[in-house]
Amino acid sequence: MNRLDSQPTPELLYLLHGDPADLHEALLGLRAADIADALRGLAPDAAAKVMAALPFDLAVQVFDEPELEYHRYDIIKQMDERSVAPLIEAMSADQQADLFRVLPEKDRSRLLKLLDEPTRRTLTHLLEYAPDTAGGIMTTEFVGVPATWTVEQVLRHIREVSRAKETVYAAYVLDPSTQQLTHVVSLRELLSADRGVPVIDVGDRRKPLSVRPAADREDAARMIAKYNLLALPVVDDSGHILGIVTVDDVIDAIVREQTEDVQKFGGVEALDAPYMEISFGKMLRKRAGWLMALFVSEMLTATAMQRFEGEIEKAAVLALFIPLVMSSGGNSGSQATSLIIRALALKELKLSDWWRIALRELPTGLTLGAILGVIGFVRIELWQNFHLFNYGPHHLLVAITVAFALVGIVGFGSLAGSMLPFLLRRLGFDPASASAPFVATLVDVTGLVIYFSVAFLILRGTLL
């Protein structure tokens, strides 16, 4: 089954209405991720029927899949409580937290009462952290061992608990008296070490890499990527390990972050569900706000054109190039904004670097504007000389006007587009809010002022 297509196969739809034994046999031939994809395309009652037909271990794996994040609640409502409680109990801790975050309060309280006390206590603790923090995506299922154990004891312990832990690729060595994290030993290092050696003496003895629970999940992702980790421990201020952030959870978090940023770049409020599952009314609310704000902003463009109405009447030829110069400024601003937002997200830039960026973007924008200006100048003169269009007796001055206006507009667009993310970050907003449509609107208004100001200086006494 194609992971990119979440629609169930016709065979699966047929089996849903047939013999449950046939459905059970068909599902056993699929991977958990493929079944989760198929469930996304089914009605909740049909999805619940599929879950009931699965062996318990496979059902847990399916319910653990991130693809079902926005569907678990609807499926649970169609299932018997006696089946739901063991299923939730067996899920990984981080996926349990994701599920309970989307539950209505009444269902959250009801389902919490069905869980064992240790699970309920762990889940309540995880829900204290925001979903965009390291604590919000961590799991408490890790292998913690005392520093006094030998390698043989650690390996025996891993064999005993491996089925209950999300990952056993590393053992987290704790001080027996303080329970602080002192050492991290990979499974590879354990397998290659002498069985009688104390685990504290195995592997790299440098201070373990870790992250605080309140740290942004993007910071955890950067550390995992930088140091090629499979998991990153999350510790409190006293050095006690609270959980681990695994690489698969980081990938899911990065996909969410990037999706939100891309949507904001397009001038849309970030969607909190897949596109096809957003209701008509909710889609309107997500898109209408930005569109109205941009529309009101674009009214300033009409105001600016009214201000230069006299110049347009005297030199109607100038109106031919308004779309050209405005779009060029918006494009340059959008380029700069995209580059700076990404650099800020990757921590390549700090807020204090704004002046360095300004000194870099201004000459870059002016140079790009000069390149476009030359192209515009040549185009006007070629059309005039080859009699493709008559720009009038002052065509040379018109070409010079367009060329110099492009230098100023593209230069300003690059500078404004690069500074806007810094301004938004300083004000506490997400820099991704400086979307391409917003920058284009800003540059449209200022571009008109620059264009007609240049025209007035060059064409005064001739066309104006």
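My aim in this report is to walk through the structure given alongside it, one point at a time. No experiment lies behind these values; they were computed from the predicted model shown.

Of the regular secondary structure elements, the protein holds 21 helices and 5 strands. A globule of 464 residues ought to have a C-alpha radius of gyration of about 23 Å, yet the protein, at 30 Å, is considerably larger. Considering only C-alpha atoms, the protein reaches an extent of 95 × 60 × 40 Å along its principal axes. By residue count, 44% of the 464 residues in the protein fall in the buried class. Partitioning the contacts of the protein with sequence separation of at least 6, the portion at a separation of at least 24 is 66%. Accessible area of the protein: about 24100 Å², with a carbon and sulfur share of 60%. For the protein, the centre of its 44 positive side-chain charges and the centre of its 58 negative side-chain charges are spaced 5 Å apart.

Turning to the pairing of strand S1 (residues 143-146), a few remarks are in order. In S1, alternate side chains face the same way, and those of Val-143 and Val-145 are buried while those of Gly-144 and Pro-146 on the opposite face are not. Inspection of the sheet shows S1 paired to strand S2 (residues 170-174) by 4 bridges, in the parallel sense. Bridge pairing in S2 places Pro-146 opposite Leu-174.

This part takes up unusual backbone geometry. With a phi close to 55°, Asn-228 is a non-glycine residue in the positive phi region. Note on placement: Asn-228 falls in the loop between helix H14 (217-227) and strand S4 (231-235).

Attention shifts here to H14. Taken together, the buried positions of H14 are occupied by Arg-217, Ala-220, Ala-221 and Ile-224. Along the long axis of H14, the arc covered by the buried residues comes to 100°, so they all point the same way. Two residues or fewer past H14, Asn-228 is found with a positive phi of approximately 55°.

Pairing of S2 with strand S3 (residues 181-186), which is carried by 5 bridges, proceeds in the antiparallel orientation. Bridge pairing in S3 places Val-173 opposite His-183. Linkage of S2 to S3, two consecutive antiparallel strands, is achieved through a turn of 6 residues, within which Gln-179 is found at a positive phi near 65°.

One pass over the structure, following the stated rule, counts 4 aromatic pairs. On the numbers, 4.8 Å between centres and 50° between planes, the contact of Phe-389 with Tyr-391 is tilted. A residue is classified by how much of its surface remains accessible, and Phe-389, at 38% relative accessible area, is partly exposed. An aromatic cluster of at least three residues, connected via ring pairs, comprises Phe-321, Phe-389 and Tyr-391. Across from the ring centre of Trp-383, 4.4 Å away, lies the NZ or CZ of Arg-379, which sits over that ring.

Under the definition given, this model contains 16 salt bridges. The closest approach of N and O atoms between Glu-81 and Arg-110, which form a salt bridge, is 2.5 Å. Of this pair, Glu-81 sits in helix H7 (residues 81-90) while Arg-110 sits in helix H9 (residues 105-114), placing them 29 residues apart in sequence. Asp-219 is paired through a salt bridge with Arg-222; the nearest N and O atoms lie 2.4 Å apart. Placement of the pair is Asp-219 and Arg-222 together in helix H14, with a separation of 3 residues, close to one helical turn. Judged by its relative accessible area of 22%, Arg-222 falls in the partly exposed class. It is possible to trace a salt-bridge network through shared partners that takes in Glu-152, Arg-156, Arg-159 and Arg-195.

Rules used in this analysis
Residues numbered from 1 in each chain as written. Predicted model: local features only at pLDDT ≥ 70, side-chain atom pairs only at ≥ 80, totals over all residues. Heavy atoms only, no water. Helix = DSSP H or I, 4+ residues; strand = E, 2+ residues; numbered from the N terminus. Rg over C-alpha atoms; globule rule 2.2 N^0.38 Å. Buried < 20%, exposed > 50% of the residue type's maximum accessible area, 1.4 Å probe, protein only. Contact = heavy atoms within 4.5 Å. Areas by Shrake-Rupley, 256 points an atom, 1.4 Å probe, with all protein chains shown as cover. Lys, Arg positive; Asp, Glu negative; His and termini not counted. Charge placed at Lys NZ, Arg CZ, Asp CG, Glu CD. Pairing = 2+ DSSP bridges. Arc of directions from axis to C-beta. Phe/Tyr/Trp six-rings, centres within 6.5 Å; stacked < 30°, edge-to-face > 60°. Lys NZ or Arg CZ within 6 Å of the ring centre and 35° of its normal. Salt bridge = Lys/Arg side-chain N within 4 Å of Asp/Glu carboxyl O.

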